[in-house]
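Fold and contact review
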Amino acid sequence: MSHEPMHKIIRLKRYEQPPEDYFENFLREFQHRQRAELLKPSLSALFLERLSGFLAEVRVPAMAYAGATAVAVVAGVAILRQAPPSAKPVSYAAAYASPEAYRQAPVTIERIQPVSLRINAPASSTPPLAFPPAYQLQARPASHESPLSF
Amino acid sequence: MSSEMVFLQSVFDHDLSGEHNDCFCMNQDPEISPHDDQELVARTQGGDPSAFDELVVRYSPRLYGLVYHMTSNHEDTNDLLQDVFAKAYRSICNFRGKSSFYTWLHSIAVNMTINFLKKRNRRQHPSLNDPDSNIENDPDFIAATSNGDPTKEVSAHELQKKLNGAMLKLSHDHRIVVTMFDIQGMPHAEIAKILKVSEGTVRSRLFYAHRQLQNSLHEFKKR
């Protein structure tokens, strides 16, 4: 599809031109706006200027710094003293014997005792198993092959 | 008529069709060489505002055309163009010369114009400049408006209104390529650099834009 006729028609828009003296005035207007911008400081510059002016006017007494430090120290001590006392830890054996204590206090395991995998709980406390443990593979020999492989 | 206007007219008098258009490069003109631009940019960066004034004089007619044909409003164009040059002046210290000043400045103008159009959205109040009286002597105008039949003649203003209506129907992406290629006569490669897209994308957008324009301006196509 040739777009040449459309190109020629659209090109006619180039005849739309601004008034003859427009570009001469444009530079003058640009310079005028630039100068106006220089005279009008930005908001951030204005804020900084006012802030520095305000700080320069405020006369801080010499003892104010020491007073502020003392207040900060007192406040820090008060905050630290208000912290709740930590609950006394309960040993693992005590927590196992009494589930109530387990829920209320953190449990600690005695560091000196060696770790044992045997469960020392009384036999009556362990519930009877309804199913044999899964790792027995239901009396079949374990195989790494997929049951779907031939 | 100022020297810039004379130059622009000579630029527009080129044959912009087909392959010839691709060979056309504004920066190759002896009046506007990238070397001159570099010197003016360096002087501006060194703190000489008069050098930037020269850049404003040099590029305002071309950028005016770009923005005006996108907005179809003279007042909006004037304000936008002032903002474009103000932004360029503020950021000229960051210009490292990776692209030409011409491309850099046009990219700023395109981005600011598209942002403006997005904000303006449907509030379109065309404020068109009068077409130059020379349009009536243009063979393309005569061919498009009368086709040898004076009774069917269309006035320059009527044609202008229809062209603007058709342009405003285009999306911003399509309008910008039509403006740069068809009206301003920029080569595809230059448009691609300014828009930061591939040349293929520029050609594709032009194809679809022309097809849409053909539908809007079918009465002139038949002539």
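Up top you'll find the structure we're talking about.
For clarity, every value in this text was computed on a predicted model and none was experimentally measured. (Residues numbered from 1 in each chain as written. Chains lettered and ligands numbered in written order. Predicted model: local features only at pLDDT ≥ 70, side-chain atom pairs only at ≥ 80, totals over all residues. Heavy atoms only, no water.)

**Details of the interface of chain B and chain A**
- On the side of chain A, 28 residues touch chain B, which itself brings 52 residues to the contact.
- Considering only the surface of chain B that becomes buried against chain A, Gln82, Asp140 and Gln214 of chain B emerge as the three largest contributors, covering 15% of it.
- Between chain B and chain A we count one salt bridge in total.
- Linking aspartate 79 of chain B and arginine 33 of chain A is a salt bridge whose minimum nitrogen-to-oxygen distance equals 3.2 Å. (Contact = heavy atoms within 4.5 Å. Buried area = accessible area lost by both parts, 1.4 Å probe. Salt bridge = Lys/Arg side-chain N within 4 Å of Asp/Glu carboxyl O.)

**Brief notes about unusual backbone geometry**
Residue and element names in this part refer to chain B.
- A positive phi angle, near 55 degrees, is found at serine 72, a position not held by glycine.
- For serine 72, the position within the fold is in the loop between α4 (49-71) and α5 (74-91).
- A residue is classified by how much of its surface remains accessible, and serine 72, at 1% relative accessible area, is buried.
- Positioned with a positive phi, lysine 196 is a non-glycine residue whose angle comes to about 60 degrees.
- Along the chain, lysine 196 falls in the loop between α10 (188-195) and α11 (199-216).
- According to the relative accessible area criterion, lysine 196 is exposed, its value standing at 64%. (Helix = DSSP H or I, 4+ residues; strand = E, 2+ residues; numbered from the N terminus. Buried < 20%, exposed > 50% of the residue type's maximum accessible area, 1.4 Å probe, protein only.)

**With respect to the pattern of salt bridges**
- Here the structure, examined in full by the defined rule, presents seven salt bridges over all chains.
- Close ionic contact of arginine 33 of chain A with glutamate 29 of chain A constitutes a salt bridge, the shortest N to O distance being 2.9 Å. Taken together, the positions of arginine 33 of chain A and glutamate 29 of chain A, both in helix α2 (residues 22-39) and four residues apart, correspond to about one turn of that helix.
- For glutamate 29 of chain A, a relative accessible area of 26% puts it in the partly exposed group.
- Arginine 43 of chain B is the partner of aspartate 48 of chain B in a salt bridge, and the nearest nitrogen-oxygen pair spans 3.0 Å.

**Details of helix α8 (residues 156-169) of chain B**
- With 14 residues, α8 of chain B extends 20 Å from end C-alpha to end C-alpha; this agrees with the ideal 20 Å at 1.5 Å per step.
- The set of residues buried in α8 of chain B consists of Ala156, Leu159, Gln160, Leu163, Asn164, Ala166, Met167 and Leu168 of chain B. (Expected span 1.5 Å × (residues − 1).)

**Quick word on the packing of helix α1 (residues 4-11) of chain A against helix α9 (residues 172-183) of chain B**
- Where α1 of chain A contacts α9 of chain B, the two axes come as close as 9 Å, and the packing angle between them is 90 degrees. Classed by the angle they form, the pair α1 of chain A and α9 of chain B counts as roughly perpendicular. Residues His7, Ile10 and Arg11 of chain A of α1 of chain A form the contact with α9 of chain B, whose own contacting residues are Val178, Phe181, Asp182 and Ile183 of chain B.
- Here the residues of the contact of α1 of chain A with α9 of chain B are counted per class, giving four nonpolar, one polar and two charged. (Axes fitted to C-alpha atoms, helices over the stretch in contact; angles between N-to-C directions. Parallel < 35°, antiparallel > 145°, perpendicular 65-115°, else oblique. Nonpolar A, V, L, I, M, F, W, Y, C, P; charged D, E, K, R; others polar.)

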